[in-house]
Amino acid sequence: MTTLETGTVVGAGLDRVDAPLKVTGSAQYPNDFSFPAMAHAALVGSTIAAGRIRSIDVTRAWAAPGVLAVVTHLNAPKLERGPMTLLGGSPPAPLQDDRILHYGQHIGIVVAESAEQARHAARLVRVEYEPAEALLDVNDPRAEIVENPWGLDTERGDVTAGFAQADVVVDETYTTPDNTNNPLGLMATVAYWHGDALTVHDSTQWPHNVRTSLAGIFKVPESGVRVLAPFVGGGFGAGLRVWSHVILTVLAAREVGRPVKLVLTRPEMFTSVGHRPNSVQQIKIGATRDGDLVAIEHHGISSVAMEDDDYEPVSFGSAVSYACPNVLTRDRQARLNIPCPGSMRAPAEGQGNFALESALDEVAHAIGMDPLEIRLRNYAEENPILGLPWSSKALRECFVEGAERFGWSRRTPEPGSMRDGRWIVGYGLAGVSYPFYQVPCQARASVRHDGSAYVRSAATDIGTGTYTVMTQLAAELLGVDVARVRFDLGDSDMPYAPQAGGSGLTGALGNAVHAACRRLVREFLDVVRDDAGSPLHGAALDDVTVTDGRIHRIGDPAQGETYTEILTRHGIEELSADGRSTPPQSEELGMALSGAFGAKFVEVRLDPELGLLRVARVVSVIDGGRILNEKTATSQIIGGTVGGISQAMFEETATDQGTGRIANATFGDYLMPVNADVPDMEVLFVGGPDRATAVGTKGVGEVGLVGLAAAIGNAVFHATGRRIRSLPITIDRLML
Amino acid sequence: MRPFDYVRATDTEQAVAVVSADPHASFLAGGTTQLDLMKDGVLGPERLIDITRLPLGGITHTDSAIQVGALTTMEELAADPVVRERLPFVREALLLGASTQLRNMATIGGNLLQRARCRYFRDPTVAACNKRNPGSGCAAITGIQRMHAILGTSDHCIALHASDVAVPLVALDAIVHVQGANGTRSIPLTQFYLPPGDTPHIENVLQHGELITALEIPLLPETARSHYLKVRDRVSYEFALTSAGVALVIEDGLIQEVRVALGGVGTIPWRAWDAEDVLRGARAGADSFRAAAEAALEGARPLPGTAFKVELAKRTLVRTLETVAGAAS
């Protein structure tokens, strides 16, 4: 492994390279694509949560103006279920039988000449049901329980013995509600067939998975399937899977023999593309009077769909966050008649951290210790499960630097002791230890005879800045000006890339780009190996460096030549090289692979009579390993912080008992912060490149969100003396 | 969306005649409610009569009132200098509603006629909604209740009237001028809205085809002070959990004139007559304010999901009274 040296291009706050396209409206999102003779589709959703379809009458729908096809389970072709993926099984294939497993389940698709005609006709489909009693409550004793769904339950030491040593034990139940990932861009799919060849524009975070899945579902060669997603209107996890509506659009296109476009409605987004499942968490923490943690026990249960998988090990974070000799974590899932949950920004961590970091605050209060001190006192110097040193960890700096920036020392410990006129002031903090995640990735790099570089991989940029940071990285590694580097993504014909998810893409892709660029430089050296006219002839990769479009010998800039000179002299149009990255292994490295760390400091203002809660300011200090672009990384943390405020104070997907209908499936009713709710947010990065990979990034897409719920809850406690253990923290829970 | 005909009206009388004669026709003004409901499949008019080109805009002033054309937008009304100076709580209520974009489209006539925000009313897949489908029941009563009413409810409907500006307008005894097939009439806003009772689908006293042409808003005495306070989960762009519109004239610590109305709690914009009775002639202060709040909410019929609103509405009113009294003293 050759580590990326600190350069001038990487790290700088370069403006987004795709910004001009976006602000001028020329970036094409999936629903911007239109084709001659394109038809439009609309979905029919079930209005019960459990049971069977007794009859389905499409007569009126068929007779409506412009209708081209109506497909239900009565006339749908047999479809295979999609394959196992990195994220578990694929969602069930739609329209395969008369069973209803959740409200809003797609039970038909209508294709018409216009979107309005399709929607109108979809409303004319008459369905009679044979309803069954729906299981909707995670505590319902009748629900099937999946124990230890991911094999991540942990146990070390002896928690019973540990609690026996404790002077103080906090044993509480924390709950988090369903949240729905709502990228601004409604998920859209445009599909067209040419024989067995299929082209799909889709709001996906993972084009290769869409390609593989659709090829399997429709039994066509994968080589003939092309999936395009150069721009998507956000993701937050909603685009990680090949959902039913994608399959149905492809099916519809084959039915009518024309391109078909489907754009989900906002209410459909609440039942069709995943959500963060609710959780009930029992957390028990024992500590000595001196603040040493002696035992942690964390049990989490989450809701999951009847016939689907979802990765939500909510308690796992409690096993790795602090040094504690006796820890037991257990996760379970309850199968319910709910729409399939899925990863929503910081899955599991977003829920589990709320319980852990709030309960730790309770312990600190119980023993009269500063919440900051108890975290530093129990700092995990090594990975507590593996017993290995971290590949990088600057969480201590996060806490110390954050406390300084925030002015934590001004906090007076007594709840309600800080005021500003009518407002009570509260300070709260939380720590975050985000897990490492990385999966294999590939990229291809080329340099053309004019000296420009072209690098590509089938990744997606869901707004995180992938286009920009990979352009910077390639520019640095090839010594080519950023303006002369083009990085492309979002096309399944490009080299394989994993999903934009798990805060793992930048690491996986960055290291693949690193490998491709290094190999490409070596290709150039190979070309001139026996070229006596080249000042580089015979040079090895470690002998040279790259700047200003040139390769030259280290320490002797005169001994080199440009890419253009080499290619021209040898009559080569362009040289290309492939690179791949594979995740490092802790055992091989002798280091525990580290994700990002962070400390969040929050000041709230509370009007106790009216229950009004305002976040006044947030300081986030993040160890994200190497930061490729300070501006886009800061934006990630800012966006995550807004998401965290949203989780803490606003978001709650409400489900009608009985019918399982989502009761607030619009932006008017499902609350998230508006600008006026978002305070000044300070973001600071500490630490340095992670030692486990060449590029040394750790992924900052999710760490920004985690910790806000606990920090805000802890600040509310500091303001009021009232502990809110159930999210979101709203007026009705705050009126004193 | 169901297919429909679109007609742009050029003459008020003719527009009224067309809609009056056709039970499947509706007026279209700003469209900020009407079009949403059509897209969601809640309303399905076969003919829309666009009245936005009719001469029903503009604001005129007299010494005692302002006359507001029905097509005046919420932003235009908020910007009126007399409203700004003499009716500050009307301006506050306007600007705390919706968003700038919506306020630039929404008309004052349309605002008064806005339909319930109830998600059970607005989702046609919900079978039980007496407002949408008379006699079918009310899913909200056993559903998610948090955003619903606690005053003026019935066993048939608990939907909230969510207008902000209607709150100070009922407090001011504004008058609605309407034109129908049989001529014009004037209706006090306090008698304009109908609580749901056992006919939740009938929301006001207008006959089909009657068109609001103007709104007359009496001015407050120059010595009056007023304020509109809106309490909600987020700072902007949300309907009220509770709100209060208050105008007071206080002399020597005694309340000489009082107007109180509540929002976020009523099936109609809620004039708090009982609170006014408590306050009129009373000494402005914590005791009379709390007594007024108790009186205002005495008839509340909360459900489990709205129980918190009773106390929140009282505190909202007390805070508003304190604010106005503080400014008046």
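Rules of the game
- Residues numbered from 1 in each chain as written.
- Chains lettered and ligands numbered in written order.
- Predicted model: local features only at pLDDT ≥ 70, side-chain atom pairs only at ≥ 80, totals over all residues.
- Heavy atoms only, no water.
- Helix = DSSP H or I, 4+ residues; strand = E, 2+ residues; numbered from the N terminus.
- Rg over C-alpha atoms; globule rule 2.2 N^0.38 Å.
- Buried < 20%, exposed > 50% of the residue type's maximum accessible area, 1.4 Å probe, protein only.
- Contact = heavy atoms within 4.5 Å.
- Pairing = 2+ DSSP bridges.
- Axes fitted to C-alpha atoms, helices over the stretch in contact; angles between N-to-C directions.
- Polar contact = N/O pair within 3.5 Å; in protein donor to acceptor, adjacent residues only side chain to side chain.
- Buried area = accessible area lost by both parts, 1.4 Å probe.
- Salt bridge = Lys/Arg side-chain N within 4 Å of Asp/Glu carboxyl O.
- Nonpolar A, V, L, I, M, F, W, Y, C, P; charged D, E, K, R; others polar.
- Arc of directions from axis to C-beta.
- Core = buried A, V, L, I, M, F, W, Y, C linked by side-chain atoms within 4.5 Å.
- Parallel < 35°, antiparallel > 145°, perpendicular 65-115°, else oblique.
- Left-handed = near helix turned anticlockwise from the far one by under 90°.
- pLDDT = per-residue confidence, 0-100.
- Phe/Tyr/Trp six-rings, centres within 6.5 Å; stacked < 30°, edge-to-face > 60°.
- Lys NZ or Arg CZ within 6 Å of the ring centre and 35° of its normal.

Some words on the overall build of chain B
Part 1 of the reasoning: Within chain B, the regular secondary structure consists of 11 helices and 12 strands.
Part 2 of the reasoning: The C-alpha radius of gyration of chain B comes to 20 Å, within 12% of the 20 Å expected for a compact globule of 329 residues.
Part 3 of the reasoning: With respect to the three principal axes, the spread of C-alpha positions in chain B is 60 × 50 × 35 Å.
Part 4 of the reasoning: A burial count over chain B gives 54% of its 329 residues as buried.
Part 5 of the reasoning: Once local pairs closer than 6 in sequence are excluded, the contacts in chain B between residues at least 24 apart make up 63%.

A short note on the sheet that holds strand S26 (residues 597-607) of chain A
Residues and elements named next belong to chain A.
Part 1 of the reasoning: A sheet is described by the order of its strands in space; here 5 strands give the open sequence S17-S18-S26-S27-S28, paired in mixed fashion. Of all strands in the sheet, those bounded by a partner on one side alone are strand S17 (418-420) and strand S28 (680-686). Within the sheet, the average angular offset between the axes of one strand and its neighbour, ignoring direction, is 25°.
Part 2 of the reasoning: The strands touched by helix H11 (residues 395-406) are strand S18 (423-433), S26, strand S27 (612-623) and S28; relative to S26, the strand with the most contacts, the crossing angle is about 30°.

Considering the environment of A:Asp607
Part 1 of the reasoning: Within the secondary structure, A:Asp607 is located in strand S26.
Part 2 of the reasoning: Separated by 530 residues in sequence, A:Asp607 and A:Pro77 place their C-alpha atoms 59 Å apart.
Part 3 of the reasoning: Ignoring sequence-local partners within four residues, the contact set of A:Asp607 consists of A:Arg422, A:Trp423, A:Leu612 and B:Arg319.
Part 4 of the reasoning: Of the polar contacts made by the side chain of A:Asp607, one reaches the backbone nitrogen of A:Glu609; its length is 3.2 Å.

A look at the interface of chain B and chain A
Part 1 of the reasoning: Contact residues are listed per partner, giving 33 residues for chain B and 32 residues for chain A.
Part 2 of the reasoning: Here chain B packs against chain A, burying approximately 2700 Å² in sum over the two surfaces, 56% of which is carbon and sulfur.
Part 3 of the reasoning: With its nearest N and O atoms 3.1 Å apart, the salt bridge here joins A:Glu609 to B:Arg319.
Part 4 of the reasoning: The tally of links between chain B and chain A comes to 12 residue pairs in polar contact (both at pLDDT 80 or more).
Part 5 of the reasoning: Of all the secondary structure elements, the ones that give two or more residues to the side of chain B that touches chain A are helix H2 (34-39), strand S9 (225-231) and helix H11 (307-328) of chain B.
Part 6 of the reasoning: No other element matches H11(B), which puts 7 residues into the side of chain B that touches chain A.
Part 7 of the reasoning: Considering only residue class, the side of chain B that touches chain A consists of 13 nonpolar, 5 polar and 15 charged.

Here's the deal with the pairing of S27(A)
All names here are of chain A.
Part 1 of the reasoning: The buried fraction of S27 is high, at 10 of 12 residues.
Part 2 of the reasoning: Pairing of S26 with S27, which is carried by 11 bridges, proceeds in the antiparallel orientation. Bridging across to S27, arginine 605 finds its partner in arginine 614.
Part 3 of the reasoning: Hairpin connection, S26 to S27: the antiparallel pair is bridged by 4 residues, and glycine 611 has positive phi, about 70°.
Part 4 of the reasoning: In this sheet, S28 lies alongside S27 in parallel orientation, the contact comprising 7 bridges. Looking at the pairing, valine 621 lines up with leucine 684 of S28.

A few points about the sheet that holds strand S24 (residues 556-562) of chain A
Residue and element names in this part refer to chain A.
Part 1 of the reasoning: Strand order across the open sheet formed by 3 strands is S22-S23-S24, with antiparallel pairing between neighbours. Each edge of the open sheet carries a strand with a single partner, namely strand S22 (544-547) and S24. Mean inter-strand twist for the sheet, computed between neighbouring axes without regard to direction, equals 35°.
Part 2 of the reasoning: In the sheet, S22 pairs with strand S23 (residues 550-553) via 4 bridges, with the strands oriented antiparallel.

Section: the environment of A:Leu536
Part 1 of the reasoning: In this fold, A:Leu536 is placed in the loop between helix H13 (505-527) and S22.
Part 2 of the reasoning: Residues in contact with A:Leu536, not counting those within four places in the same chain, are A:Leu525, A:Val528, A:Val544, A:Ile551, A:His552, A:Arg553, A:Gln559, A:Gly560, A:Glu561 and A:Ile566.

What to know about the pairing of strand S19 (residues 441-448) of chain A
Residue and element names in this part refer to chain A.
Part 1 of the reasoning: Sheet analysis places S19 next to strand S25 (residues 574-581), joined by 8 bridges and oriented antiparallel. Bridged to alanine 443 within S25 is glycine 579.
Part 2 of the reasoning: Here S19 runs beside strand S20 (residues 453-456); their pairing, made up of 4 bridges, is antiparallel. Bridge pairing in S20 places arginine 444 opposite arginine 456.
Part 3 of the reasoning: Counting the residues between successive antiparallel strands, the hairpin from S19 to S20 contains 4 residues, one of them, glycine 451, with a positive phi of roughly 90°.

Let's talk about helix H5 (residues 88-95) of chain B
Part 1 of the reasoning: For H5(B), the complete set of buried residues consists of B:Phe89, B:Val90, B:Ala93 and B:Leu94. Down the axis of H5(B), the buried side of the element spans an arc of 140°, and every buried residue falls inside it.

With respect to the pattern of salt bridges
Part 1 of the reasoning: All chains considered together, the criterion is met by 61 salt bridges over all chains.
Part 2 of the reasoning: For A:Lys631, the salt bridge goes to A:Asp15, with nearest N and O atoms at 2.4 Å. Of the two residues, A:Lys631 sits in helix H16 (residues 630-649) while A:Asp15 sits in the segment before helix H1 (19-23), which places them 616 residues apart along the sequence.
Part 3 of the reasoning: Using a relative accessible area of 40% as the deciding quantity, one classes A:Lys631 as partly exposed.
Part 4 of the reasoning: Between A:Asp578 and A:Arg444 there is a salt bridge; the shortest N-O distance is 2.9 Å. Separated by 134 residues along the polypeptide, A:Asp578 in strand S25 and A:Arg444 in strand S19 bring together distant segments of the chain.
Part 5 of the reasoning: You can call A:Arg444 partly exposed: its relative accessible area is 28%.
Part 6 of the reasoning: Connected via shared salt-bridge partners are B:Asp173, B:Arg259, B:Arg271, B:Glu276, B:Asp277 and B:Arg280.

Looking at the side chain of A:Asp531
All names here are of chain A.
Part 1 of the reasoning: Note that aspartate 531 resides in the loop between H13 and S22.
Part 2 of the reasoning: For aspartate 531, a relative accessible area of 11% gives the class buried.
Part 3 of the reasoning: At a separation of 2.7 Å, a polar atom in the side chain of aspartate 531 contacts the side chain of histidine 570.
Part 4 of the reasoning: Ignoring sequence-local partners within four residues, the contact set of aspartate 531 consists of His537, Arg569 and His570.

Considerations on the nonpolar core
Residue and element names in this part refer to chain A.
Part 1 of the reasoning: The biggest cluster of nonpolar side chains holds 68 residues, and the ones touching the most others in it are Ile285, Phe601, Val602, Leu613 and Ile712.
Part 2 of the reasoning: Ranked by residues supplied to this core, first place goes to helix H9 (residues 349-367) with 8 residues.
Part 3 of the reasoning: Once residues within four sequence positions are removed from consideration, isoleucine 285 is found in contact with Phe163, Val168, Val169, Val170, Leu293, Ala295, Ile296, Leu356, Ala359, Leu360 and Val363.
Part 4 of the reasoning: Judged by nonpolar contacts, the second largest core, of 53 residues, contains Val10, Val455, Met470 and Leu505.

A word on helix H3 (residues 115-123) of chain A
Part 1 of the reasoning: All of the buried residues in H3(A) are A:Ala118, A:His120, A:Ala121 and A:Ala122.
Part 2 of the reasoning: Buried-residue contacts for H3(A) involve strand S1 (39-45), helix H2 (59-63), strand S3 (67-72) and strand S5 (106-112) of chain A.

With respect to the packing of helix H5 (residues 207-218) of chain A against helix H6 (residues 244-256) of chain A
Residues and elements named next belong to chain A.
Part 1 of the reasoning: Close contact between H5 and H6 brings their axes to 11 Å; oriented N to C, the two are set at 55°. Considering their axes alone, H5 and H6 lie oblique with respect to each other. Along this stretch, H5 crosses H6, giving a crossing that reads as right-handed. Counted together, Val210, Leu214, Ile217 and Phe218 of H5 and Val246, Ile247, Val250, Leu251 and Arg254 of H6 form the full contact between these two elements.
Part 2 of the reasoning: Residues of the contact of H5 with H6, tallied by class, amount to 8 nonpolar, no polar and 1 charged.

A closer look at the confidence of the model for chain B
Part 1 of the reasoning: Residue-level pLDDT values for chain B average 97, and 99% of them are 70 or greater.
Part 2 of the reasoning: Model confidence for the complex is summarised by a pTM of 0.97, with the ipTM given as 0.96.

Observations regarding the side chain of A:Thr204
Residue and element names in this part refer to chain A.
Part 1 of the reasoning: Checked against the element boundaries, threonine 204 lands in the loop between strand S11 (197-202) and H5.
Part 2 of the reasoning: We classify threonine 204 as buried; its relative accessible area is 1%.
Part 3 of the reasoning: Each residue touching threonine 204, except ones within four places of it in the same chain, is listed here: Val210, Val227, Ala229, Val232, Gly239 and Thr460.

Topic: the packing of aromatic side chains
The geometry of two aromatic rings is summed up by the distance between their centres and the angle between their planes.
Residues and elements named next belong to chain A.
Part 1 of the reasoning: Across all of its chains, the model carries 15 aromatic pairs over all chains by this definition.
Part 2 of the reasoning: Consider the rings of phenylalanine 406 and tryptophan 408, whose centres lie 6.2 Å apart with planes at 45°: the pair is tilted. Assigned by exposure class, phenylalanine 406 and tryptophan 408 land together as buried.
Part 3 of the reasoning: Each residue in the set Phe406, Trp408, Tyr427 and Phe601 is aromatic and connected to the rest through ring pairs, giving one cluster.
Part 4 of the reasoning: The lysine or arginine in question, arginine 723, covers the ring of phenylalanine 717, its NZ or CZ lying 4.3 Å from the ring centre.

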